[in-house]
Amino acid sequence: MRRYVNRHAWRALSATTPRRLTVCGALVAYALAAWWAGPFIPEWLIALVGVLLLAILLYLGAAWLDRDTLDRREPPSGDD
């Protein structure tokens, strides 16, 4: 859990432009869907979906952080 909720994982969400667009697109899609579906479904369900989206973004940030960390790692040298 600690791995998912750290500032480096949050920074990984906005490290590149495609990542920023993905996160902003997900948030805008959620906001539009909540605005459209608001009169038809209960508010607690909209909040629950928002919390689920936050958890997914946290996981995605941690996964991208792991990927960035592995990409920055030096390749092993052949001098064993």
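Everything quoted here is computed from the prediction, not taken from an experiment.

Trainee: Give me the overall build of the protein: which residues, what numbers.
Mentor: Along the backbone of the protein there are 3 helices and 0 strands. Scanning the protein from its N terminus toward the C terminus, one meets helices and strands in the order α-α-α. Taking the intrachain contacts of the protein between residues at least 6 apart in sequence as the baseline, contacts between residues at least 24 apart amount to 70%. In the form shown here, the protein has an accessible surface area of approximately 6,500 Å², with 67% of it arising from carbon and sulfur atoms.

Trainee: How would you summarise helix H3 (residues 43–72) if you had to cite specific residues and measurements?
Mentor: Look at H3: 43 Å from first C-alpha to last across 30 residues, which is about the 44 Å you get at 1.5 Å a residue. In this structure, the buried residues of H3 make contact with helix H1 (7–12) and helix H2 (17–37).

Trainee: Run through the UniProt feature "transmembrane region" (unreviewed entry) in the protein, naming residues and quoting values.
Mentor: The sites that carry the UniProt feature "transmembrane region" (unreviewed entry) are, in the present numbering, residues 21–38 and 44–65. The span residues 21–38 is 94% helix and 0% strand, and its two end C-alpha atoms sit 25 Å from each other. Secondary structure content for residues 44–65 is 100% helix and 0% strand, while the C-alpha to C-alpha distance between its ends is 31 Å.

Trainee: Please set out the packing of aromatic side chains residue by residue, giving values where relevant.
Mentor: Scanning the entire structure with this criterion turns up 1 aromatic pair. Between Trp 36 and Phe 40, the ring centres sit 5.9 Å apart and the planes meet at 55°, which makes this aromatic pair tilted. The exposure classification of Trp 36 matches that of Phe 40, with both residues exposed.

Trainee: Describe the confidence of the model for the protein, naming the residues involved and giving the relevant values.
Mentor: Looking at the protein as a whole, its pLDDT mean stands at 81, while 82% of the residues score no less than 70. Across the protein, the element-wise mean pLDDT spans from 74 in H1 up to 91 in H2.

Trainee: How would you summarise the nonpolar core if you had to cite specific residues and measurements?
Mentor: Core analysis: the biggest nonpolar cluster contains 8 residues, these being Ala 9, Ala 12, Leu 13, Val 23, Leu 53, Leu 57, Trp 64 and Leu 65. Listing elements by their share of this core, those giving two or more residues are H1 and H3. Considering every element that reaches this core, the biggest residue donor is H3, with 4 residues. When near neighbours in sequence (up to four residues on either side) are disregarded, Leu 13 contacts Arg 19, Arg 20, Val 23, Leu 57, Leu 60, Gly 61 and Trp 64.

Trainee: Break down a nonpolar patch on the surface for me, citing the residues and quoting the values.
Mentor: There is a patch of nonpolar side chains on the surface, built from Val 28, Leu 32, Trp 35, Trp 36, Phe 40 and Ile 41 and spanning about 770 Å² of accessible area. For Trp 35, a relative accessible area of 68% translates into the label exposed.

The rules behind the values
- Residues numbered from 1 in each chain as written.
- Predicted model: local features only at pLDDT ≥ 70, side-chain atom pairs only at ≥ 80, totals over all residues.
- Heavy atoms only, no water.
- Helix = DSSP H or I, 4+ residues; strand = E, 2+ residues; numbered from the N terminus.
- Contact = heavy atoms within 4.5 Å.
- Areas by Shrake-Rupley, 256 points an atom, 1.4 Å probe, with all protein chains shown as cover.
- Expected span 1.5 Å × (residues − 1).
- UniProt positions renumbered as here; feature names shortened; annotations may be inferred.
- Phe/Tyr/Trp six-rings, centres within 6.5 Å; stacked < 30°, edge-to-face > 60°.
- Buried < 20%, exposed > 50% of the residue type's maximum accessible area, 1.4 Å probe, protein only.
- pLDDT = per-residue confidence, 0-100.
- Core = buried A, V, L, I, M, F, W, Y, C linked by side-chain atoms within 4.5 Å.
- Patch = residues over 30% accessible without salt bridge, like charges linked within 9 Å, V, L, I, M, F, W, Y side chains within 5 Å.
- Salt bridge = Lys/Arg side-chain N within 4 Å of Asp/Glu carboxyl O.

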